[in-house]
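Each chain, written out:
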Protein chains: 2
Amino acid sequence: ALAGMLPREEAVNHIKEAIQKTYGKRGESIVAQNFDAINMALEHLQEVTVPSEVTSRIKLRPPVLPSESDFVNRVTAAIAEGRGDFLPVSAIPVDGTFPTGTTKLEKRSIAAEIPIWDSTICTDCGLCALVCPHAAIRLKVFPESALGEAPANYHSKPWKDKELSDHLVTVQVAPDDCTGCGVCVDVCPAKSKEVVRHKAINMEPKGPHLEREQENFDFFLNLPPLERTRPKIDTIKGSQLLEPLFEFSGACAGCGETPYLKLMSQLFGDRAIIGNATGCSSIYGGNLPTTPWTVNRDGCGPAWCNSLFEDNAEFGFGIRLGVDQQHEYAKYLLKQMADRVGPELAGPILEATHANEASIIEQRDRVRKLKQRVAEFSDPQARELASVADALVRRSIWIVGGDGWAYDIGFGGLDHVLASGRDVNILVLDTGVYSNTGGQASKATPRGAIAKFAANGKASRKKDLGMLAVSYGSVYVAQIAIGANPNQTLRALSEAESYPGVSLILAYSQCIAQGINMTQGMSHQKTVVQSGLWPLFRYDPRLACDGGQPFRLDSRKPTIPFTQLAQLEGRFAMAMRSNPEHATHLAALAQKDIDDQWNYYEQMAGVKREIVTNGR
Amino acid sequence: ALAGMLPREEAVNHIKEAIQKTYGKRGESIVAQNFDAINMALEHLQEVTVPSEVTSRIKLRPPVLPSESDFVNRVTAAIAEGRGDFLPVSAIPVDGTFPTGTTKLEKRSIAAEIPIWDSTICTDCGLCALVCPHAAIRLKVFPESALGEAPANYHSKPWKDKELSDHLVTVQVAPDDCTGCGVCVDVCPAKSKEVVRHKAINMEPKGPHLEREQENFDFFLNLPPLERTRPKIDTIKGSQLLEPLFEFSGACAGCGETPYLKLMSQLFGDRAIIGNATGCSSIYGGNLPTTPWTVNRDGCGPAWCNSLFEDNAEFGFGIRLGVDQQHEYAKYLLKQMADRVGPELAGPILEATHANEASIIEQRDRVRKLKQRVAEFSDPQARELASVADALVRRSIWIVGGDGWAYDIGFGGLDHVLASGRDVNILVLDTGVYSNTGGQASKATPRGAIAKFAANGKASRKKDLGMLAVSYGSVYVAQIAIGANPNQTLRALSEAESYPGVSLILAYSQCIAQGINMTQGMSHQKTVVQSGLWPLFRYDPRLACDGGQPFRLDSRKPTIPFTQLAQLEGRFAMAMRSNPEHATHLAALAQKDIDDQWNYYEQMAGVKREIVTNGR
C-alpha cells in the first residue's frame, strides 16, 4: 500500500492466498483473524511526520542497571547494549566463567498487567510464588519490628503458623520482572466472598501500581530472609520462604519448565552444581551475557554450565566424579593436618552427616573456620587444602534438560548414567516436543499430537522413560506435575536429592508449542493428570530394602477421556480439524495407551501390597 | 633351561612366583596345574637334530582351496597366505564387496576328535545339527534312488516322517570343518540300550575316520536338497533340512552365538541383509579375506556388512529405508511398464503377499521372468527396472550384535530404532560381557560376575533390555536360549521375522569368558534358565490387538538357587574364592534380582488373563 509496486487489490489477494495456504489447516477462525489484521492495517494507515530534530527529554534506561561488579559494568553491559563486538578479547574471562545473578539488572518491564496483592483475603498458601515462572512474586516472613523503615504503602499481614505466630508475611510482586502471564492469579485459591472473581491476587494494569511496587519490592528485598532452618520446608508455604536462586529468566511468559528449576534452587541452590543440556533451559539459563542463576546474601549459589544434547548426562556425571575426588582429597589432606588445624574442628568436619539443613549449615560454618586456620600456614599441603576445602560441604549435582535430550539424542548417555549408581539428580523438563528448536516431535511426544516430523499426528506412543529407569531397580524415579500436585513435586525433589544414588525426575511442563492457554497452564496440568496422559508416581528403591512397596502411584484412576483433553490442546485439536478420520483413529489408540499404562502402573503398585496382605 | 641365562632353580622359582600372582585368585588347583606344566616341560626336554636338507615328500596344502572364482584364487588366496601386501591396489574391489562362501575353502581340520554317527540309534531329532556352532554336522533327506553313486561306507537310515516316509536321512559330519567341541554329542538324546555312554553320535579320534568322512561329506554336499516348501520348518528336525548359509566360521569351539546365526540363515538367509555391529560376530562374520556367510545352489544368500559399535542399529535401519525405497520405485516402474511386460506377470508381482515360503519362491520365479522380459527392451525405464527388480522380492533385514553394542555403546541408536516402528529384526547375541575385546563388563553383565572393570564382581544388576523394549508396546520382543528350549527359539525367530515392525531377540550365548565347560554349553543353558537368571519369554504386539495376552512366559518358576549356578561358572565362582564375604553379599542380591524379576514377569504375564477371567 505504501510502495505501490503492485495494484493494492492484487497484492492483498496474493497475501490472503498465502494465509489460506499456511493457516487453512488451523481452522476458519484463524484465517479470518489474519484477514482482519490485513484489512484493519489498510484502514488505519496514518502518515507520521518525522521531526527534523530530537525534542524528547525522556532518556532510555541502559539495558543493564549499574552493578557493584566492575566486570558487569564493563563487559556484561557492553554485550547487552549490542556493543560486544567492540570488546577486546582480553575483556572476556579466560576460563569462560561469567558472573551469575545478572538478569535482575535487566528490568525489562514487559508486563502490561501485574498481580496486585489483597492481603485481606490471602491465606498464605504460597502457591502463587511456587508457580511463578519468573520468581517475580515472592513471600517473605519477618518480625513486625522489621517494618520500621517500610514505605507508606507497604503491605503485610499476620503469618498463620504456630511456630512463627508473631511474624508478618508479605506477598510481593517484582513489577519490572513480571511478564504478566497471570499464572499466579489462576492458581490462587483465596476468593473474595463479596466481589465476584476477586482473589487474593489480581491482574491489574501496571501503570498506576508501578512506582509504588518498585519501592515496595526494593524494601522487600532488603528485609533479611529467615534462616534456612526455620521454615517447614516440607510444606509449600514453608518452601516459598527459601530464597529463589533462579530468577527473572528470559523464558516465555507462563513457561511450564522454570517453576521446577526455581523450586530446586530454593531447596538446594546454595550448594548445587548443574549440567544443563542444550534446549530451552540452556537458553534461558545462560542467555549470554546475563543468567538467572544467582547467589544468596552469603554469596552461595548454583554453579551452572551448558553441555551438548549428546553428552550432557555424561557431563553431569563427570562433575559428580570430580566433586567426589575433591571431597576425598580434602578429607585425606585434613586427616594429615588434623593436629595442626585442631582435632576439635577436624573431627566434626570429617564425620559430618549432611543429614538436614541444620547440619549442612554447621558444616559450612566449620569449613569457613577451617579455611581461616589453614590460611595461617603457608606450606604446600595447607595451600592444597585451602583450594579444595569447599568440597567438604556436600554438593548437590543436577543434570537438567528437556525431553529432546533425555528421550532422544542424549538417551544413550543418560542410560549409562542411570546404570552407574552414582549420586546424581536428573531433572527432565518434559514438554513432549523439541521446544527450543521449533517444535519437532521427540520420543516424548504423545500419540496423536501434531509436531514437526509428525504432521499428521504422531503415530507411535510416548516412550515410558520413567518405567525404563524403574527397571534398573536402583534408580529413584518420580513423575511429577507441579500444577496438578505441588506437594508431590516437593516431596519428589527432596527424596531425589537425599537418595544416595541416581535419581530421575520427569517434570510435566506446559509449553506454547502445545497450543494451550498458557495463563491456565497450571490448572490445565490437573486436567492432563486426570486424563491419565501423565500419571504421577514415585519409585524409591530405599523402600524396597525393607520389603516395602517401592512404587507409589500418586494420582487417581483417569476420569477424563482423552478426547476431552484433546479439545483443549492445539497439538491434538489441530489433527482433528485437518484429518478427522485419521485423528479419530489415533485418539482411540491414545486412549488405549492411557488405559494400558494405567493397568500396568496399578499392577506395579499392587504387587507387593498383595504379598504383604498374604502375611509374607 | 636351554639358554642357561639364570640358574635353573632360580628361574623356575621366579616363574612360579609369577604364576602364583597371576592365577592365585583362581584357586589352588589352577596353580598346581601350571606348576605341573613347568615341571613336566623340564622333565621332557628332548634334543631334536635339524637335518641339513628337506627330505619330506608331504606338501603343505594351500591355506585356501582352489575355487571356481578367479577373484578367490588371485586375491582371497593371496591374503590368506599372508601375501596380501604384494597385491596391487587394483586387485581390491572398488566398492569393498568381497565374495561370500569362502570359509568352506579353508579346511582347517583342527579337531582332534570328530562326531561319528551311529545310524542304528539315531531318532532323527536334528538337535546335533541345530546346535553345531560351525554347521559342521548336517542333516539331509533324499529318496533312496539318490544313493546310486554313494561311496561304499556312506550311511543313511529311513526318515521318520509321515510326509516323506519313503525318504532316507543322513547325519553327516564335515570332518575338516569340525572344531571338535563336542556340543552335538552333549545334546544328543538317543542313547544305546546296550553300551554305556554310547549315543547316536560319539566323539572319536579323527585320524581313522578322516578319509572316509571326507568322501562321504563330498557326496552328501552333492545330494540335491529338498525344496524349501517340503520340510515342516516349524519343527526342529524340519528346520535342519534347510541349507545353512552360515558355515565354518572362525568362532571359538563351542561358541554360543553362532547357532542362532546359522538357524537364522537357514530360515531367512536366501533373502537376508545383515548389518552387524563390531564384536565377535563381526570378526567371525567377516574375518577378511574369508566369510562364513554363503549362498545356496541358486546363488541366493545373505548380504552382510559390519558397522560400528555406536551406529549399527542406525546402519541396519538405513538398509531398511533403502530397500523400501527400491521396492516402491520398482513397483512404480513396473506399473508404468505393466502393458509392455504383460499384465498377467505384472499383476501377480504387484499383489504378492510373501506370506510363506511357497509364495516367496513363486515371487522369485516371477521376478526372474520379469528380468528376462525387461532385458528385451533397451529404453532407460526398462534399464532402471532391471536394476531394482530384485527388490520386488521381500527382503529380511537383520541387525546383529553383542550385548556391548546393544546394551551399552549402541543403545542410544538401538532405542531410536525400537521407536521407529519399521520392519527390522534385531538379534542380540548376549554373552553378558564384551567378549571380543577381552571380557569387559557391560550393562548385560549379571550382578556378582567378575569381568574387567568389575574385578570384585559386578555391583549392579543386569539391565533388563527386553522389558525396556516391551514398554514401547509396538516392538516384538523375545528372550531365548537355544539349548534350554530350541522350539521356543525357532518360534521366536519365525514370529520376529513375520512381525511387520521392529523385532528384538535377546539370545543367551555361552562364552569362554564365562568360565564354563564349553562342551556342555547347551545343557548348561538349561541350568541357567532353571535358575531364573535368564527367563524365556515372547512379547507379540499382534496378540494385544485382539484383546489377548501379548506377554508369554516360556520358562517355569526358578527351581535352582543362584548359588548353585554360581558354582558352575568361573565368573561367579572366582568372586567367591577371592573375596567370599563380598561375593556372598552379591550372591544374595543376585538371588533377589532373580526373585524380583520373576515376580514382575509373572505379573506381566498375568495381567490380561485376570481381566479375561473377570469377563471383560
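Residues numbered from 1 in each chain as written. Chains lettered and ligands numbered in written order. Predicted model: local features only at pLDDT ≥ 70, side-chain atom pairs only at ≥ 80, totals over all residues. Heavy atoms only, no water.

### Digging into the sheet that holds strand β3 (residues 157-158) of chain B
Note on sheets: strands pair through backbone hydrogen bonds, and any given pair is parallel or antiparallel.
Residue and element names in this part refer to chain B.
Then, number 1: Pairing is antiparallel across the open sheet formed by three strands, whose spatial order is β2-β4-β3. Whereas interior strands pair on both sides, the edge strands pair on one side only; in this sheet they are β2 (137-143) and β3.
Then, number 2: Where β2 lies against strand β4 (residues 167-173), seven bridges are found, and the strand directions are antiparallel. Of the residues in β4, the one forming a bridge with Lys140 is Thr170. (Pairing = 2+ DSSP bridges. Helix = DSSP H or I, 4+ residues; strand = E, 2+ residues; numbered from the N terminus.)

### Observations concerning helix α16 (residues 411-418) of chain B
Then, number 1: Burial analysis of α16(B) places seven of its eight residues in the buried class, the great majority of the element.
Then, number 2: Turning to α16(B), its buried residues number three or more, namely Phe411(B), Gly412(B), Gly413(B), Leu414(B), Asp415(B), Val417(B) and Leu418(B). (Buried < 20%, exposed > 50% of the residue type's maximum accessible area, 1.4 Å probe, protein only.)

### Here we look at the sheet that holds strand β4 (residues 167-173) of chain A
All names here are of chain A.
Then, number 1: Sheet architecture is open: three strands sit in the order β2-β4-β3, paired in antiparallel fashion. Edge positions in the sheet fall to β2 (137-143) and β3 (157-158), since each of these pairs with one other strand and no more.
Then, number 2: Where helix α6 (residues 210-222) meets the sheet, it contacts β2 and β4, and its direction lies at approximately 130° from that of β4. (Contact = heavy atoms within 4.5 Å. Axes fitted to C-alpha atoms, helices over the stretch in contact; angles between N-to-C directions.)

### Some details on the relation of the copies chain A and chain B
Then, number 1: Turning chain A through 180° and shifting it by 0.1 Å along the axis lays it on chain B, with an RMSD of 0.2 Å. The two molecules are tied by a two-fold rotation axis, judged by turn and shift. Considering only C-alpha atoms, the residue of chain A closest to the rotation axis is Gly412(A), which sits at 1.9 Å. (Least-squares fit on C-alpha atoms with pLDDT ≥ 70 in both.)

### Here's the deal with the interface of chain A and chain B
For an interface, size is often stated in terms of accessible area lost upon the parts coming together.
Then, number 1: At the junction of the two partners, chain A supplies 23 residues and chain B supplies 23 residues.
Then, number 2: For the pairing of chain A and chain B, the buried interface totals around 2200 Å² over both sides, and the portion due to carbon and sulfur atoms is 55%.
Then, number 3: Inspection of the chain A/chain B interface yields four salt bridges.
Then, number 4: Where Asp415(A) meets Lys463(B), a salt bridge forms, and the shortest distance between an N and an O atom there is 2.4 Å.
Then, number 5: Applying the counting criterion to the chain A and chain B interface returns 11 residue pairs in polar contact (both at pLDDT 80 or more). (Buried area = accessible area lost by both parts, 1.4 Å probe. Salt bridge = Lys/Arg side-chain N within 4 Å of Asp/Glu carboxyl O. Polar contact = N/O pair within 3.5 Å; in protein donor to acceptor, adjacent residues only side chain to side chain.)

### A closer look at the packing of aromatic side chains
Then, number 1: Taken as a whole, this structure holds 31 aromatic pairs over all chains when the rule is applied.
Then, number 2: A ring pair is formed by Phe562(B) and Phe572(B), whose centres lie 4.9 Å apart and whose planes are at 80°; its orientation type is edge-to-face. Placement of Phe562(B) in helix α21 (residues 562-567) and of Phe572(B) in helix α22 (residues 570-578) is noted, with a sequence separation of 10 residues between them.
Then, number 3: What makes Phe562(B) buried here is its relative accessible area of 3%.
Then, number 4: Given the relative accessible area of 4%, Phe572(B) is considered buried.
Then, number 5: Taken together, Phe537(A), Phe551(A), Tyr600(A) and Tyr601(A) form an aromatic cluster joined through their ring pairs.
Then, number 6: The ring of Phe35(B) has Lys16(B) sitting right over it, with the charged end atom 5.1 Å from the ring centre. (Phe/Tyr/Trp six-rings, centres within 6.5 Å; stacked < 30°, edge-to-face > 60°. Lys NZ or Arg CZ within 6 Å of the ring centre and 35° of its normal.)

### Things to note about the pairing of strand β1 (residues 113-117) of chain B
A regular strand places its side chains on the two faces of the sheet in alternate fashion.
All names here are of chain B.
Then, number 1: Of all the five residues making up β1, four are buried; the element is thus mostly covered by neighbouring parts of the structure.
Then, number 2: Pairing analysis gives five bridges linking β1 to strand β5 (residues 201-205), with the strands arranged antiparallel. Pairing of Ile114 across the sheet is with Glu204, part of β5.

### Thoughts on the packing of helix α10 (residues 312-336) of chain B against helix α14 (residues 380-388) of chain B
All names here are of chain B.
Then, number 1: Interaxial distance between α10 and α14 falls to 9 Å at its minimum, and their mutual angle equals 140°. Judged by the angle between their axes, α10 and α14 are oblique. In this structure, α10 meets α14 at a crossing whose hand is left-handed. Every residue of α14 that contacts α10 at Gln326, Tyr329, Ala330, Leu333, Leu334 and Gln336 is listed here: Gln381, Glu384, Leu385 and Val388.
Then, number 2: Tallied by class, the residues present in the contact of α10 with α14 amount to six nonpolar, three polar and one charged. (Parallel < 35°, antiparallel > 145°, perpendicular 65-115°, else oblique. Left-handed = near helix turned anticlockwise from the far one by under 90°. Nonpolar A, V, L, I, M, F, W, Y, C, P; charged D, E, K, R; others polar.)

### Looking at the nonpolar core
Then, number 1: One finds Ile426(A) and Ile426(B) to be the most contacted residues of the largest nonpolar core, which totals 180 residues.
Then, number 2: For Ile426(A), the residues in contact, after removing those within four places along its chain, are Ile399(A), Trp405(A), Leu414(A), Val417(A), Leu418(A), Val502(A), Ser503(A), Leu504(A) and Ile505(A). (Core = buried A, V, L, I, M, F, W, Y, C linked by side-chain atoms within 4.5 Å.)

### Some details on the side chain of Ser471(B)
Then, number 1: On the secondary structure map, Ser471(B) appears in the loop between α17 (465-470) and β10 (476-480).
Then, number 2: The exposure class of Ser471(B) is buried, given its relative accessible area of 14%.
Then, number 3: Residues contacting Ser471(B), with those up to four places away along its chain left out, are Arg461(A) and Leu468(A).

### Re the side chain of Arg320(A)
All names here are of chain A.
Then, number 1: By the secondary structure assignment, Arg320 is in helix α10 (residues 312-336).
Then, number 2: The class for Arg320 is buried, based on a relative accessible area of 7%.
Then, number 3: Reaching out from Arg320, the side chain makes a polar contact with the backbone oxygen of Asp423 at a distance of 2.7 Å.
Then, number 4: Ignoring any residue separated from it by four or fewer positions in sequence, one finds Arg320 in contact with Arg395, Ile397, Arg422, Asp423 and Val424.

### Side note on unusual backbone geometry
Residues and elements named next belong to chain A.
Then, number 1: Going from Leu288 to Pro289, the amide bond is cis rather than trans, its omega being 15°.
Then, number 2: Within the element layout of this structure, Pro289 appears in the loop between α9 (280-285) and β7 (303-307).
Then, number 3: Located in the positive-phi region is Ala135, a residue other than glycine, with phi close to 55°.
Then, number 4: Structurally, the position occupied by Ala135 is in the loop between α4 (127-131) and β2.
Then, number 5: Its relative accessible area of 1% is what places Ala135 among the buried residues.

### Describing the confidence of the model for chain A
Residues and elements named next belong to chain A.
Then, number 1: Here chain A shows a mean pLDDT of 94. Residues at 70 or above account for 98%.
Then, number 2: Counted against residues more than four places away or in other chains, residues 607-616, with its pLDDT under 50, gives nine contacts.
Then, number 3: What the predictor reports for the complex is a pTM of 0.88 with an ipTM of 0.84. (pLDDT = per-residue confidence, 0-100.)

### Describing the pattern of salt bridges
Then, number 1: Evaluated as defined, the whole model comprises 61 salt bridges over all chains.
Then, number 2: The residue Lys157(A) makes a salt bridge to Asp124(A) at a minimum N-O spacing of 2.5 Å. Of this pair, Lys157(A) sits in strand β3 while Asp124(A) sits in the loop between β1 (113-117) and α4; the two residues are 33 residues apart in sequence, bridging distant segments of the chain. Neither residue differs from the other here; Lys157(A) and Asp124(A) are each classed as buried.
Then, number 3: For the salt bridge of Arg373(B) with Glu344(B), the shortest nitrogen-to-oxygen distance reads 2.8 Å. Of this pair, Arg373(B) sits in helix α13 (residues 357-374) while Glu344(B) sits in helix α12 (residues 343-351); the two residues are 29 residues apart in sequence, bridging distant segments of the chain.
Then, number 4: Judged by relative accessible area, Glu344(B) falls into the exposed class, the value being 52%.
Then, number 5: Connected via shared salt-bridge partners are Arg271(A), Arg320(A), Asp324(A), Arg394(A), Arg422(A), Asp423(A) and Glu497(A).

### Remarks on the state of the cysteines
Disulfide: a covalent bond formed between the sulfur atoms of two cysteine residues.
Residue and element names in this part refer to chain A.
Then, number 1: Applying the stated criterion across every chain, the model contains zero disulfides over all chains.
Then, number 2: Looking at the unpaired Cys280, the closest cysteine sulfur is the one in Cys511, lying at 6.0 Å.
Then, number 3: A relative accessible area of 23% places Cys280 in the partly exposed class. (Disulfide = S-S within 2.5 Å.)

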